[in-house]
Amino acid sequence: MVEVRFLGHAATWIKGNGVQILIDPFLEGNPLAAAGPDEVEADLIVLTHAHGDHWGDTLRIAERTGAKVVSTFEIASYASARGAEAWPMNIGGTYAFEGGWLKFFPAWHSSSFPDGTYGGMPMGVVIELAGKRIYHAGDTALFSDMRLIGEVGLDLALLPIGDTFTMGPDDALRALELLRPKAVVPIHYNTFPPIQQDGEAFVARAEALGFEGQALKPGEALVLE
Ligand code: NI
Ligand code: MN
């Protein structure tokens, strides 16, 4: 059993097999955040890229929880230079941990820290936990190699639908056709004025294509059994 809790924007908290994974924990300053940086626990903090709305409270959470930061070489180096335990990786790499594994895939975007430091290539990630495979696309445009990611066999895809900085709903539906996950949850929308979208309408369109979907409100979770 895996619990996937949406914390707002792209922040996602995944728990299963006794492991807690936080993805892109932008909580303080996130108008939609469903938890504060002192209210989450993590063994691993996985970062898709370095933009402030993803990097967020990584250092603060890593310091309090002892979580290991797993991301690009550049992001891991930045984190470890600031006192966090980190594991440097890059696109294509797999990281095995007690209870599961994760693998990084490309994303079409950019990646720099709020201070301008280069963050390496932006990424998406597939996490396997308790036999379930979850894809968090990070910030990305639609790209046809999503078909290769889908060949992994996905139980759930978390896809940005906000438009402006990432795919919008139309392209996210095309991404679904390539990824063929059992279920989809829209993310990276409604946090700021330029990314206003209707999550329920997106899910209705996904369901019309034969996919399960849920527009999780920040703080809500779904369980993969
Ligand atoms: Ni970004
Ligand atoms: Mn973003």
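Details of the structure are given in the entry above.
This write-up is about the structure you can find in this document. Residue positions are given per chain, counted from 1 along the sequence in the order it is written. Chain letters start at A and ligand numbers start at 1, both assigned in the order the entries are written. Only residues with pLDDT of at least 70 are given local features in this predicted model, and only at 80 or more are side-chain atom pairs given and counted; all residues enter the totals for whole chains, interfaces and linings. Only hydrogens and water are removed before side-chain values are computed, so all heavy atoms of the structure are retained for them.

**Looking at the coordination of the manganese ion (ligand 2)**
- Protein coordination at the manganese ion (ligand 2) comes from D53 (OD), H54 (NE2), D139 (OD) and H188 (NE2), with a distance range of 2.1 to 2.2 Å.
- Water is not among the atoms examined, so metal sites may look incomplete; donors are the N, O and S atoms within 2.8 Å of the metal, or within 3.2 Å for Na, K and Ca. Separating the manganese ion (ligand 2) from the nickel ion (ligand 1) is a gap of 3.2 Å, which D139 spans by donating to each of them. With H54 in helix α1 (residues 52-55) and H188 in the loop between β12 (183-187) and α6 (199-208), this pair connects stretches of sequence that are 134 residues apart. Side by side, H54 and H188 carry an identical accessibility label, which is buried. Only DSSP runs of H or I with at least four residues qualify as helices, and only runs of E with at least two residues qualify as strands; both kinds are numbered from the N terminus onward. Working definition: with a 1.4 Å probe on protein chains only, accessible area under 20% of the residue-type maximum means buried, over 50% means exposed, and in between means partly exposed.

**Looking at the environment of L47**
- Along the chain, L47 falls in the loop between β4 (44-46) and α1.
- A C-alpha to C-alpha distance of 22 Å links L47 and G131, two positions 84 residues apart in sequence.
- It only takes one pair of heavy atoms within 4.5 Å for two residues to be counted as in contact. Beyond its immediate chain neighbours, meaning those up to four positions away, L47 contacts D24, P25, H54, W55, T58, V69, V70, S71, I75, F104 and M123.

**Focus: the coordination of the nickel ion (ligand 1)**
- Protein coordination at the nickel ion (ligand 1) comes from H49 (NE2), H51 (ND1), H109 (NE2) and D139 (OD), with a distance range of 2.2 to 2.3 Å.
- Metal sites are grouped by the angles between bound donors: all angles between 85 and 135 degrees with four donors is tetrahedral, opposite donors over 155 degrees apart with the others between 65 and 115 is square planar for four donors and octahedral for six, and any other pattern is irregular. Here the nickel ion (ligand 1) binds four donor atoms, and the angle range of 88 to 177° at the metal identifies the geometry as irregular.
- Each donor residue of the nickel ion (ligand 1) belongs to the same chain, and together they define the spacing H-x1-H-x57-H-x29-D.
- On the basis of relative accessibility, which here comes to 17%, the residue H51 falls in the buried class.

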